[in-house]
Amino acid sequence: MKIHIKGGRIVDPVSGMDEERDILVVNGIIERISSRPSVDGSYQTVDMKGNIIVPGLLDMHVHLREPGYEHKETIETGCESAREGGFTAVCCMPNTNPAIDDESVARYVRQKGQQVCDGIVEVYPIAAATKGRLGEELSPMAELAGAGAVGYSDDGSPIASAEIMRRVLEYSSMFGIPVIQHAEEPTMTMGGCINEGFVSTKSGLPGIPPVAEELMVARDLILLRYIPAAKYHVAHISTASAIELVRRAKADGLQATAEATPHHFTLTDDVTASFDTNTKMNPPLRTADDVEAVRQALKDGTIDAIATDHAPHTIDEKEVEYIEAPFGIVGLETAIGLTMTELVETGLLALDEAIAKLSTNPRRIVGLPAIKFTQGEPANMTFIDPRAKWTVDVQRFKSKSKNSPFHGRVLTGKAIGVLNNGKMYIAGV
Ligand code: DOR
């Protein structure tokens, strides 16, 4: 297949390129990048004038729900959602049933990913750190690394035992694979459903104290000082205090990284007063000061990556009393719009900084090679219309689930397509 991508603005955080260029792709490989190349009729031409071309995006934190919870999402619908949202790769969390805690489940997830959506979206499993995600016994970490796992996590639950966490960090360092912590001190958060503070006091909903996140990150960073060969990553960081700990750890040279979700840089716990269960997620939405801390940490590099924590749940599961509803919202199809609207349009991040958080940095964290806009390299890219003004409509989501608090919100910036593994997808075509 020969493709001529015409007239787009290439924004590449790796090389620093920010120029309008044409790209010729032959059988999935970049043949040439130049201004107005002469092209014969054998190429399919795609006009990207006015659009941005960036390295293919990676969402390093999604829940694809397969195996076990296919009524919420499947690997196929999750990849369709990712592709629509402009992602050419996702890392999927192990809280499936069975958990991704043995080689066969990890291989199943990898292979299924290759079979859906023309293989355009690469699926990289995050393996459970402990068997059954129970926090008691280590998973077969070497075997899981061999089966393609790119991280270890008990996400959805923290690795609560300090002794188990110590061993997980030690063994993970043998494979150079990061440990991704869902950071909460569980004895403090049990039964909670929104941030503990003014809003929870007013509504009477049980609170999740911010200090529970801070405590777990503090403990883990102390362990990391003992095991500096390990790589430690904080999932969906949400509190100013935990962010400050990561900032100091980085300054001290530890291999600590962090991600934030679009909802944690956009919404405060004020919206939970609606009792809309689509505002319930874990970690919960926090205060305006926390949102500001997340934004500043994205700016100063303390937070390396933007990841959605795409957590599909059915309408029936969410249409219950707030306290009973499962935690989580879908995020793949609103990530670019929220990033562009909240971070780029506001002037907080330059476009290439935002793209680095959605592509270059998460790839580095999970050990995937950098995507290069260079002749002879695999073509792996995302097309974005930076000016598209659109209204989020959950009914149009490709995801099987519709649980988003952003329904009806007007966003600027939208993914219009992806190209990867020799296949191209343009939304709406
Ligand atoms: O909101 C969340 N939903 N947070 C998690 O950590 C897990 C996730 C899920 O699996 O639904």
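Let us look at the structure shown here. Every residue gets a number counted from 1 within its own chain, in the order that chain's sequence is written. The model is predicted, so local features are restricted to residues of pLDDT at least 70 and side-chain atom pairs to those at 80 or more, both for listing and for counting; the totals for chains, interfaces and linings are taken over all residues. Hydrogens and water are ignored here; the side-chain numbers use all heavy atoms of the structure.

### Brief notes about the site of the ligand
Next up, step 1: A single heavy atom is enough: if one lies within 4 Å of a molecule or strand, its residue is considered near that molecule or strand. Taken together, 14 residues surround the ligand, and among them Arg65, Asn95, His182, Asn282 and His313 come closest.
Next up, step 2: Between the ligand and Asn282 there is a distance of 2.7 Å, counted from a nitrogen atom to a backbone nitrogen or oxygen.
Next up, step 3: Here a polar contact means two N or O atoms within 3.5 Å. Within protein one must be a hydrogen donor candidate and the other an acceptor candidate, and residues neighboring in sequence count only if both atoms are side-chain atoms. The contact in question runs from an oxygen atom of the ligand to an N or O atom on the backbone of Gly328, over 3.2 Å.
Next up, step 4: A 1.4 Å probe and the Shrake-Rupley method give the accessible areas. Residues count as covered only by the protein chains that appear here. Calculation on the ligand without its partners gives an accessible area of 290 Å², and the protein chains cover 93% of this total.
Next up, step 5: For the shell around the ligand, a count of residues per class yields three nonpolar, eight polar and three charged. Polar here means any residue outside two lists: the nonpolar Ala, Val, Leu, Ile, Met, Phe, Trp, Tyr, Cys and Pro, and the charged Asp, Glu, Lys and Arg; Gly therefore counts as polar.

### As for the pairing of strand S6 (residues 57-62)
Next up, step 1: Most of S6 is tucked away: six of the six residues are buried.
Next up, step 2: Strand pairing requires that DSSP identify at least two bridges connecting the strands. A run of DSSP states H or I qualifies as a helix once it reaches four residues; a run of E qualifies as a strand once it reaches two. Both are numbered from the N-terminal end. Sheet topology places S6 next to strand S7 (residues 87-92); four bridges connect them, and they run parallel. Each residue of the ladder has a partner; that of Val62, found in S7, is Cys92. Accessibility here uses a 1.4 Å probe with only protein chains present; expressed as a share of the type maximum, an area under 20% marks a residue as buried, one over 50% as exposed, and anything in between as partly exposed.

### With respect to the nonpolar core
Next up, step 1: Of all hydrophobic cores here, the largest spans 78 residues; its most connected members are Leu169 and Val217.
Next up, step 2: Contact definition: two residues touch when any of their heavy atoms are within 4.5 Å. Setting aside residues up to four positions removed in sequence, Leu169 forms contacts with Val179, Asp220, Leu223, Leu224, Ile227, Ala230 and Tyr232. Take the buried residues of types Ala, Val, Leu, Ile, Met, Phe, Trp, Tyr and Cys, join any two whose side-chain atoms come within 4.5 Å, and each joined set is a nonpolar core.

### Brief notes about the pattern of salt bridges
Next up, step 1: Only one rule defines a salt bridge in this text: a Lys or Arg side-chain nitrogen within 4 Å of an Asp or Glu carboxyl oxygen. Under the defined criterion, the tally for this structure stands at 21 salt bridges.
Next up, step 2: Between Arg166 and Glu170 there is a salt bridge whose closest N-O contact spans 3.2 Å. One end of the pair, Arg166, and the other, Glu170, are both in helix H4 (residues 162-175), four residues apart, so they sit about a helical turn from each other.
Next up, step 3: For Arg166, a relative accessible area of 33% translates into the label partly exposed.
Next up, step 4: Of the charged contacts, one joins Lys299 and Glu353 as a salt bridge, the two residues approaching to 3.3 Å between their closest N and O atoms. In this pair, Lys299 sits in helix H10 (residues 288-300) while Glu353 sits in helix H13 (residues 351-365), placing the two residues 54 residues apart along the sequence.
Next up, step 5: The structure contains a network of salt bridges with shared partners spanning Glu163, Arg166, Arg167 and Glu170.

### Some remarks on the pairing of strand S2 (residues 17-26)
Next up, step 1: Pairing analysis gives nine bridges linking strand S1 (residues 2-12) to S2, with the strands arranged antiparallel. Bridge assignment links Gly8 to a residue of S2, and that residue is Arg21.
Next up, step 2: With antiparallel pairing between neighbouring strands as the criterion, S1 and S2 make up a hairpin whose turn holds four residues, including Gly16 at a positive phi of roughly 85°.
Next up, step 3: Two elements, S2 and strand S3 (residues 29-34), share five bridges in a ladder whose sense is antiparallel. Across the sheet, residue Val25 finds its bridge partner in S3, namely Ile30.

### With respect to the packing of helix H8 (residues 240-251) against H10
Next up, step 1: Each axis is a line fitted through C-alpha atoms, taken for helices only over the stretch in contact, and angles between the N-to-C directions span 0 to 180 degrees. Axis separation between H8 and H10 bottoms out at 9 Å; the angle between their running directions is 25°. Viewed along their axes, H8 and H10 adopt a mutual orientation that is roughly parallel. The two elements H8 and H10 meet at a crossing, and its hand is left-handed. Counted together, Ala240, Ile243 and Arg247 of H8 and Asp290, Ala293, Val294, Ala297 and Asp300 of H10 form the full contact between these two elements.
Next up, step 2: Partitioning the contact of H8 with H10 into residue classes produces five nonpolar, no polar and three charged. Roughly parallel means an angle under 35 degrees; roughly antiparallel means over 145; roughly perpendicular covers 65 to 115; every other angle is labelled oblique. Handedness of a crossing follows from how the near helix is turned relative to the far one, being left-handed for an anticlockwise turn of less than a right angle and right-handed for a clockwise one.

### Brief notes about the environment of Thr187
Next up, step 1: In this structure, Thr187 sits in helix H5 (residues 186-189).
Next up, step 2: Placed 137 residues apart in sequence, Thr187 and Glu324 show a C-alpha to C-alpha distance of 19 Å.
Next up, step 3: Within the structure, the side chain of Thr187 is placed 2.4 Å from the side chain of Glu185, a separation counted as a polar contact.

### Focus: the packing of aromatic side chains
Next up, step 1: Aromatic contacts are taken between Phe, Tyr and Trp rings whose centres are within 6.5 Å, Trp giving its six-membered ring; a plane angle under 30 degrees counts as stacked, one over 60 as edge-to-face, and the others as tilted. Counting across every chain of the model gives one aromatic pair.
Next up, step 2: Ring geometry for Phe275 versus Tyr322: centroids 6.4 Å apart, planes at 85°, classification edge-to-face. In this pair, Phe275 sits in the loop between helix H9 (262-266) and H10 while Tyr322 sits in the loop between helix H11 (315-318) and helix H12 (335-344), placing the two residues 47 residues apart along the sequence.
Next up, step 3: On the basis of relative accessibility, which here comes to 5%, the residue Tyr322 falls in the buried class.
Next up, step 4: Whether a charge sits over a ring depends on NZ of Lys or CZ of Arg being within 6 Å of the ring centre and within 35 degrees of the ring normal. Sitting over the face of the ring of Tyr425, Arg83 holds its NZ or CZ atom 4.1 Å from the ring centroid.
Next up, step 5: A cation over an aromatic ring shows up here: Lys280 above the ring of Phe327, its NZ or CZ 4.8 Å from the ring centre.

### Structural notes on the side chain of His182
Next up, step 1: Following the sequence through the fold, His182 ends up in the loop between strand S10 (179-181) and H5.
Next up, step 2: A polar contact is formed between the side chain of His182 and the side chain of Asp155, at a distance of 3.3 Å.
Next up, step 3: Within polar-contact distance, the side chain of His182 engages the side chain of Glu184 at 2.6 Å.
Next up, step 4: Non-local contacts of His182, meaning those with residues more than four positions away in its chain, are made with Asp155, Gly156, Ser157, Pro158, His236 and Asn282.

Nothing here speaks to function; it is all geometry.
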